[in-house]
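# Topology and contacts: notes
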Amino acid sequence: MDTLEAILLGIVQGLTEFLPVSSSGHLQIAKEILGVEIDNNITFDVTLHAATVLSTIVVMWAEIWKLIKGVFSKTFNDEQRYVLKILLSMIPAGVVGVLLGDQIEALFSSLLFVGFMLLITAALLSFAYFAKPRQKEQIGYRDAFIIGCGQALATLPGLSRSGTTIATGLLLGNEKGSVANFSFLMVIPVILGKMLLDILSGEMATMSVGTLPLVAGFVAAFLSGAVACKFMIGIVKRGKLIWFALYCAVAGLISVFYFLF
């Protein structure tokens, strides 16, 4: 992998981690187009994920700092409740990752599967756009767990994590802004946990990517991720998810036809 390819893949990762179009699906598509093998490159994968986590922390630092200060309060408060909801939302993804991680990993090589999952992402975003649920002021514990189940399903390549969690939250009747914030905050510990497992696996000891491509990919993913995160929060609040549904439908159909023909 050369530096230009690393930059392009970093941009794809950064943008699609937050836009509801599936980062895993688009990385698979980008790999096919560029002819780059990235599935077994744990070091590059961890580097890109570290960049997107950092971009989330930078964009949402005010909310994160508020939660950190609230957690250390002596009295049980809204911030501590919020953190408990985030922890609750992590359980489904953790269970799926431990029990089905290898089986899910095997699906990443199938462009046909990615295409079908992109079509499902389009359907979810369409349902969320046209549904008119009651707008709850706060995300409850039950809803946090159900949104977490959506995040667990979104470990499938082509099924957008942000799209699935945001659509699930909206269909449950939660307010748009609170769903967007919860969706982006809940992914931070999940990505950090996945990174830790990848590091502990020992596979990072063998680097097939040079230092310059790694740094370039990190910077590209961080910058594009920061832009996408800030942009996406505004998009959700304005309720413009239908355009992403159309995009996912087109991308899904192209992937299916590319595989078949």
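Just above sits the structure.
About the cut-offs
Sequence order as written defines the numbering, with residues in each chain counted from 1. Reporting of local features is limited, given that this is a predicted model, to residues whose pLDDT is at least 70; pairs of side-chain atoms are given and counted only at 80 or more, and all residues count toward the totals for whole chains, interfaces and linings. Side-chain measures here rest on the full set of heavy atoms in the structure, leaving out hydrogens and waters. Helix and strand definitions follow DSSP, with helices as H or I runs of at least four residues and strands as E runs of at least two, each counted in order from the N terminus. Only C-alpha atoms enter the radius of gyration; for comparison, a globular chain is expected to reach 2.2 Å times N to the power 0.38, where N is the number of residues. Definition used in this section: a nonpolar core is a set of buried Ala, Val, Leu, Ile, Met, Phe, Trp, Tyr and Cys residues joined via side-chain atoms within 4.5 Å. Each residue is placed in one exposure class: buried if its accessible area under a 1.4 Å probe, protein chains only, is under 20% of its type's maximum, exposed if it is over 50%, and partly exposed if it falls in between. It only takes one pair of heavy atoms within 4.5 Å for two residues to be counted as in contact. Patch membership needs two things, relative accessible area over 30% and no salt bridge, and members are linked within 9 Å if like-charged or within 5 Å if nonpolar (Val, Leu, Ile, Met, Phe, Trp, Tyr). In these tables, accessible area is a Shrake-Rupley quantity obtained with a 1.4 Å probe, and a residue counts as shielded only by the protein chains included in the view. Salt bridge, as used here, is a side-chain nitrogen of Lys or Arg placed within 4 Å of a carboxyl oxygen of Asp or Glu. The angle between two axes is taken between their N-to-C directions and runs from 0 to 180 degrees, where each axis is a line fitted to C-alpha atoms and a helix contributes only its stretch in contact. If an angle is under 35 degrees, it is roughly parallel; if it is over 145, roughly antiparallel; if it lies from 65 to 115, roughly perpendicular; otherwise it is oblique. Take the far helix as your reference; a near helix turned counterclockwise from it by less than a right angle gives a left-handed crossing, and one turned clockwise gives a right-handed crossing. Aromatic pairing here means that ring centres of Phe, Tyr or Trp (its six-membered ring) are within 6.5 Å. Orientation follows from the plane angle: under 30 degrees is stacked, over 60 is edge-to-face, and everything else is tilted. Think of it as a cone above the ring: NZ of Lys or CZ of Arg counts as a charge over the ring if it is within 6 Å of the ring centre and within 35 degrees of the ring normal. Only a pair of cysteine sulfur atoms within 2.5 Å qualifies as a disulfide here. For a helix, the expected span equals 1.5 Å multiplied by the number of residues minus one.

### Digging into the overall build of the protein
Counting its regular elements, the protein contains 11 helices and 0 strands. Element order for the protein, N to C, with α for helix and β for strand: α-α-α-α-α-α-α-α-α-α-α. For a compact globule of 261 residues, the expected C-alpha radius of gyration is about 18 Å, and the protein comes in at 18 Å, within 12% of that figure. Based on the C-alpha atoms only, the size of the protein along its principal axes is roughly 50 × 40 × 35 Å.

### Considering the nonpolar core
Met232, Leu241 and Phe244 are the most contacted members of the largest nonpolar core, which has 44 residues in total. Listed by contribution, the elements that provide at least two residues to this core are helix 3 (42–59), helix 4 (61–71), helix 6 (111–130), helix 7 (141–153), helix 8 (161–171), helix 9 (176–200), helix 10 (211–238) and helix 11 (242–260). With 10 residues, helix 9 is the largest single contributor of residues to this core. Setting aside residues up to four positions removed in sequence, Met232 forms contacts with Phe18, Leu19, Pro20, Ile166, Phe184, Leu241 and Phe244.

### Let's talk about a nonpolar patch on the surface
On the surface, Ile91, Val95, Val98, Leu99, Leu100 and Phe145 cluster together into a nonpolar patch covering about 560 Å² of accessible area. Within the secondary structure, Leu99 sits in helix 5 (residues 78–106). Residue class for Leu99 comes out exposed when judged on its relative accessible area of 59%.

### Section: the packing of helix 8 against helix 9
Relative orientation of the contacting elements helix 8 and helix 9 amounts to 140°, with a least axis distance of 9 Å. Considering the angle they form, helix 8 stands oblique to helix 9. At the point where helix 8 passes helix 9, the crossing takes the right-handed sense. Contact with helix 8, carried on its side by Arg161, Ser162, Thr165, Ile166, Gly169 and Leu170, involves Lys176, Val179, Ser183, Phe184, Met186 and Val187 of helix 9 and no other residues of that element.

### Looking at the environment of Ile235
Inspection of the secondary structure puts Ile235 in helix 10. Sequence separation of Ile235 and Leu19 is 216 residues, and the distance between their C-alpha atoms is 9.5 Å. With sequence-adjacent residues up to four places away left out, Ile235 is seen in contact with Lys240, Leu241 and Phe244.

### Remarks on the packing of aromatic side chains
Taken as a whole, this structure holds 3 aromatic pairs when the rule is applied. Relative to Trp65, the ring of Trp61 lies with its centre 5.7 Å away and its plane at 25°, an arrangement referred to as stacked. In this pair, Trp61 and Trp65 both sit in helix 4, 4 residues apart, roughly one turn of the helix. On the basis of relative accessible area, Trp61 is assigned to the partly exposed category, the value being 43%. Relative to Phe130, the ring of Tyr129 has its centre 4.9 Å away and its plane inclined at 85°; by these criteria the two rings are edge-to-face. On the basis of relative accessibility, which here comes to 33%, the residue Tyr129 falls in the partly exposed class. According to the relative accessible area criterion, Phe130 is exposed, its value standing at 57%. Against the face of Tyr141 rests Lys85, its NZ or CZ located 5.4 Å from the ring centre.

### Thoughts on the state of the cysteines
For the coordinates displayed, the defined rule picks out 0 disulfides. For Cys229, which is in no disulfide, the shortest distance to another cysteine sulfur is to Cys248 and amounts to 18 Å.

### Some thoughts on helix 2 (residues 23–34)
A rise of 1.5 Å per residue sets the reference length of helix 2, with its 12 residues, at 16 Å; its end C-alpha atoms lie 16 Å apart and thus fit the reference within 8%. Burial analysis of helix 2 places 9 of its 12 residues in the buried class, the great majority of the element. Residues of helix 2 that are buried include every one of Ser23, Ser24, Gly25, His26, Leu27, Gln28, Ile29, Ala30 and Lys31, and no others. The elements touched by buried residues of helix 2 are helix 1 (3–18), helix 6 and helix 11. A positive phi of about 70° marks Gly35, the residue just after helix 2.

### Considerations on the pattern of salt bridges
Per the stated rule, a full pass over the model turns up 3 salt bridges. Arg142 serves as the salt-bridge partner of Asp143, at 3.1 Å between the closest nitrogen and oxygen. Residue class for Asp143 comes out buried when judged on its relative accessible area of 2%.

### Considerations on the side chain of Ser255
Mapped onto the fold, Ser255 is located in helix 11. For Ser255, a relative accessible area of 4% puts it in the buried group. Apart from the residues within four sequence positions on either side, Ser255 is in contact with Ile29, Leu111, Gly115 and Leu118.

Purely geometric stuff here, so don't read any function into it on its own.
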